[in-house]
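Chains, contacts and geometry: an overview
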Amino acid sequence: MIIDDGMLFRQAEEKDAGTLVKLYDQAARWMRANGIDQWKPGAKDVAHFRKKMRDGEVWLAEDADGRVVGGYELWWSDEEAWGIQPPVAGYVHRLMVERSAAPAGAGRRILEHAERRIARTGRERARLDCVSTNPRLLAYYQGAGYRVVGEFPSKQAKDGRVYGVILLERLLDC
């Protein structure tokens, strides 16, 4: 467990998979309510998060009372979007915030936790992708110090839908 300015970060365990599904669905509903066509409620299930826990890392952020206020997935490769790459980066996925419980700035603090986790492995870059139809999210990541390094215009979702993503990265202090 890592305490960061009142937020507790811990690696998710199998028993947390249902909590992660709920967190994802809440974030997806918020996106829909705000006109953002990106995540779909019900698109990620318990099996998805358990697989990500086995293949990479999944982290939860809790407040001082133990309530989950956010989470993210951390992958050590992302060949689907980035192709085969040398092991110089960690890939942040599904940065989620529980908007009714999270303190102001929680999203940025969760992202910073991911960056510190990546840097502790000796990798020098944090990478992520952002759906190309979400300018608010792109601006958010650029405001956090990420720069656009490419675009992958034909990423395919599990349901067969094709969409574009913008590739972003940030150099880390290792």
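Let us look at the structure shown here. It should be emphasised that the depicted structure is a prediction, and the values quoted were computed from it without experimental measurement. (Residues numbered from 1 in each chain as written. Predicted model: local features only at pLDDT ≥ 70, side-chain atom pairs only at ≥ 80, totals over all residues. Heavy atoms only, no water.)

**Things to note about helix α5 (residues 135–143)**
Filter applied, for reference: The rule is simple: take the accessible area with a 1.4 Å probe, protein chains only, and divide by the maximum for that residue type; under 20% is buried, over 50% is exposed, in between is partly exposed. In this description a helix means any DSSP run of H or I spanning at least four residues, a strand means any run of E spanning at least two, and both kinds are numbered starting from the N terminus. In this description, one arc is meant: the one made by directions from the helix axis to the C-beta atoms. Every residue pair with non-hydrogen atoms within 4.5 Å of one another is taken to be in contact.
Where α5 is concerned, the buried positions are Leu137, Leu138 and Tyr141. Relative to the axis of α5, the buried residues are bounded by an arc of 100° and lie together on one face. Away from the buried face of α5 by more than 90 degrees, exposed residues Pro135, Arg136 and Gly143 are located. Taken together, the buried residues of α5 touch β5 (89–97), α4 (106–120), β6 (125–131), β7 (147–156) and β8 (162–171). Positive phi appears at Gly145, one or two residues downstream of α5, with a value of about 100°.

**So, unusual backbone geometry**
We note that Arg94 has phi near 50°; this positive angle belongs to a residue other than glycine. In this structure, Arg94 sits in strand β5. With a relative accessible area of 15%, Arg94 lands in the buried category.

**Side note on the side chain of Arg125**
The test is simple: Throughout this description, a polar contact denotes any pair of N or O atoms lying within 3.5 Å of each other; where both atoms belong to protein, one of them has to be capable of donating a hydrogen while the other can accept it, and for residues adjacent in sequence the pair is counted only when both atoms sit in side chains.
Mapped onto the elements, Arg125 comes out in strand β6. One polar contact links Arg125 to Glu124, side chain to side chain, over a distance of 3.4 Å. Within polar-contact distance, the side chain of Arg125 engages the side chain of Glu169 at 2.6 Å. With residues up to four places along the chain from it excluded, the contact list for Arg125 reads Val88, Ala89, Gly90, Ile118, Glu169, Arg170, Leu171 and Leu172.

**Here's the deal with the packing of aromatic side chains**
Working definition: an aromatic ring pair is given by the centre-to-centre distance plus the angle between the planes. The following threshold applies: Any two of the Phe, Tyr and Trp rings considered here, Trp counted by its six-membered ring, make a pair once their centres fall within 6.5 Å; the pair's planes then place it as stacked at under 30 degrees, edge-to-face at over 60, or tilted in between.
This structure, assessed with the given rule, holds four aromatic pairs. Consider the rings of Trp82 and Tyr91, whose centres lie 5.8 Å apart with planes at 65°: the pair is edge-to-face. Grouping residues by exposure puts Trp82 and Tyr91 together as buried. Here the aromatic rings of Tyr140 and Tyr141 are separated by 5.6 Å at their centres, their planes lie at 70°, and the arrangement is edge-to-face. Under the relative-accessibility criterion, Tyr140 is labelled partly exposed at 28%. Note on Tyr141: relative accessible area 7%, which makes it buried. Through pairs of rings, three or more aromatic residues link up here, namely Tyr140, Tyr141 and Tyr146.

**What about the nonpolar core?**
Inclusion rule: By nonpolar core is meant a set of buried Ala, Val, Leu, Ile, Met, Phe, Trp, Tyr and Cys residues that side-chain atoms within 4.5 Å join together.
The biggest cluster of nonpolar side chains holds 28 residues, and the ones touching the most others in it are Tyr72, Val92, Leu111, Tyr141, Tyr146 and Leu168. Looking at this core, the elements with two or more residues in it are β2 (7–11), β3 (57–62), β4 (68–75), β5, α4, β6, α5 and β8. Here the element with the most residues in this core is α4; it accounts for six residues. Beyond its immediate chain neighbours, meaning those up to four positions away, Val92 contacts Tyr72, Glu73, Leu74, Leu111, Ala114, Ile118, Arg127 and Leu128. Core analysis: the second largest hydrophobic core is formed by 16 residues, Ala17, Tyr24, Phe49 and Val58 among them.

**Side note on the packing of helix α1 (residues 17–33) against helix α2 (residues 46–55)**
Basically, it comes down to this: The convention used is that axes are lines fitted to C-alpha atoms, helices contributing only their stretch in contact, and that angles between N-to-C directions extend from 0 to 180 degrees. In this scheme, roughly parallel covers angles under 35 degrees and roughly antiparallel covers those over 145, while 65 to 115 is roughly perpendicular and the rest are oblique. Left-handed is the label given to a crossing in which the near helix is rotated counterclockwise from the far helix by less than a right angle, and right-handed is the label when the rotation is clockwise. Ten residues, namely Ala, Val, Leu, Ile, Met, Phe, Trp, Tyr, Cys and Pro, are considered nonpolar, four, namely Asp, Glu, Lys and Arg, are considered charged, and the remaining ones, Gly among them, are considered polar.
Following both chains from N to C, one finds α1 and α2 inclined at 115°, their axes separated by 8 Å at the closest point. When the axes of α1 and α2 are compared, the pair comes out roughly perpendicular. Remark: the crossing between α1 and α2 carries right-handed chirality. Contact with α1, carried on its side by Ala17, Gly18, Leu20, Val21 and Tyr24, involves Val46, Phe49, Arg50 and Met53 of α2 and no other residues of that element. Within the contact of α1 with α2, the residues separate by chemical class into seven nonpolar, one polar and one charged.

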